[in-house]
Amino acid sequence: MTEPATQVVFAGIDTHKVTHHAAVIDADGRRIADREFTTGSAGCRALIDWLGQWQVERVGVEQTGTYGAGLTRLLDQGGYQVFDVNTPDPAVRATVGKSDPIDAVMAADAVRTGRAQTVAKDRSGVIESIRMLQIARASAVKARTAALTQIGDLATTLDGGLRARLGSSNRQIAATALSLRPDRARLHDPTQAAKVALRSIAARIRDLDTEINDLDAALAQLVGAAAPRLLARPQVGIHAAAQLLITAGQNPDRIATEAAFARLTGVAPIPASSGQTRRMRLHRGGDRQANKTIHMIAVGRLKNHQPAIDYLERRLSEGLSKKDAIRAMKRLIARELHGALKADLKALDAL
């Protein structure tokens, strides 16, 4: 028997590839009801209709970026406040166990108690488009790198005459291999088979170059319009800005403070003292791709940006090691990027 719709409740959803399991609990954490739904459009809408029986204050959803992405969009469109629940409660796992109903109740309890405080990303705008293009580009770059390595490895096994014609670098080998003319009537000859293999890999590299260039053009168009303030910062290019947008999400208030942004990007300082040593280090959590982005921005600035070079020299003169000085600089960069990012997201929200 369900509680009256006037009672404020909390909902949790354990998401999967084929089914979602939803649960509703009251303000004291007692389970009111739970139910399983299919993951298709009809199933997700049935889940939302089912939640409509109650006055749901917040919804905790597991895996909002993967299995729960479509459902999260529908919940957001329905006016629900959705929060990420990405880490299970270890105490519940140890004492109660694991099942879909248990995980759904645990997700609901996470938003009831405030353990889950991160608002789910808005996946209905331009940043979701940027994320999809960035994923496709990363995959193409990875495949191209593998193909370039493979063509270089294959070339090292060839006889001296053909090997000398190909060039020294993997790029030269790929360019030359496209002009090879194998004799397909003599494929039993390893040299002719090698020509076929080299042309095949070289054509793959050429096609991947075209694909990456097309994706770069699309990303430049979207990121240029979405993040002009980020792109104006030193050493922040299209792909760095794209990653920071993806990490933050389109909700302007999702990351409320620059300290939270620093934590999310893995550049928040934490104590690492022992005995007579007093120092800080950066915590190792957060979004590792965003952390890599900030690291590369710092490295680039130390080569070409005089204020960054002066900052490093000043901190070294104060007794910090080079590593610790760079860590401190990353924290300052995070503060600067958060301000520009916040301004860009607010401008997007106002459109």
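Let us look at the structure shown here.

Focus on unusual backbone geometry
Even without glycine at this site, Gln63 takes up a positive phi of about 55°. Looking at where Gln63 falls in the secondary structure, it is placed in the loop between β4 (55-61) and α2 (69-77). Look at Gln63 and you get partly exposed, because its relative accessible area is 31%. Notably, Gln235 is not glycine yet its phi reads approximately 65°, a positive angle. Looking at the secondary structure, you find Gln235 in the loop between α9 (228-231) and α10 (238-248).

Here we look at the pairing of strand β2 (residues 19-25)
For β2, a buried count of seven out of seven residues is recorded, marking the element as mostly surrounded by other parts of the structure. Alternating residues of β2 divide into Thr19, His21, Ala23 and Ile25 and His20, Ala22 and Val24, and every residue in both groups is buried. The pairing of strand β1 (residues 8-15) with β2 spans six bridges and is antiparallel. Paired with Ile13 across the bridge in β2 is Ala22. The loop that links β1 with its antiparallel partner β2 comprises three residues.

Observations concerning the side chain of Asp209
Position of Asp209 among the secondary structure elements: in helix α8 (residues 190-226). Take Asp209: its relative accessible area is 17%, and that puts it in the buried class.

Here's the deal with the packing of aromatic side chains
Taken as a whole, this structure holds two aromatic pairs when the rule is applied. Both rings, one in Trp50 and one in Trp54, keep their centres 4.9 Å apart while their planes meet at 75°; by these two values the pair is edge-to-face. Take Trp54: its relative accessible area is 4%, and that puts it in the buried class.

Topic: the pattern of salt bridges
If the charged atoms of two oppositely charged side chains come close together, the side chains can form a pair. Here the structure, examined in full by the defined rule, presents 24 salt bridges. Note that Arg206 and Asp207 form a salt bridge whose closest N and O atoms lie 3.6 Å from each other. What makes Asp207 partly exposed here is its relative accessible area of 45%. We note a salt bridge from Arg327 to Asp324, for which the minimum N-O separation is 2.6 Å. A residue pair is termed a helical-turn pair when its members lie 3 or 4 positions apart in one helix, as Arg327 and Asp324 do in helix α14 (residues 322-350) at three residues. Among the residues examined, Arg327 registers a relative accessible area of 25% and is labelled partly exposed. Within this structure, Asp26, Asp28 and Arg30 form a network of salt bridges that share partners.

What counts and what doesn't
Position labels on residues start from 1 in each chain and follow its written sequence. Owing to the predicted nature of the model, reporting of local features is limited to residues with pLDDT of at least 70; listing and counting of side-chain atom pairs is limited to 80 or more, with chain, interface and lining totals taken over all residues. To obtain the side-chain values, all non-hydrogen atoms of the structure were used and water was disregarded. Counting from the N terminus, the helices are the DSSP runs of H or I reaching at least four residues and the strands are the DSSP runs of E reaching at least two. Burial here depends on accessible area, computed with a 1.4 Å probe over protein chains only, as a share of the maximum for the residue type. Under 20% is buried, over 50% is exposed, and the range in between is partly exposed. Two strands form a pair only when DSSP identifies at least two bridges running between them. The pairing test for Phe, Tyr and Trp rings, Trp by its six-membered ring, is centres within 6.5 Å, and the orientation test on the planes gives stacked under 30 degrees, edge-to-face over 60, and tilted for anything in between. Definition used for salt bridges: Asp or Glu carboxyl oxygen within 4 Å of a side-chain nitrogen of Lys or Arg.

By themselves, these are just geometric observations and shouldn't be taken as functional.
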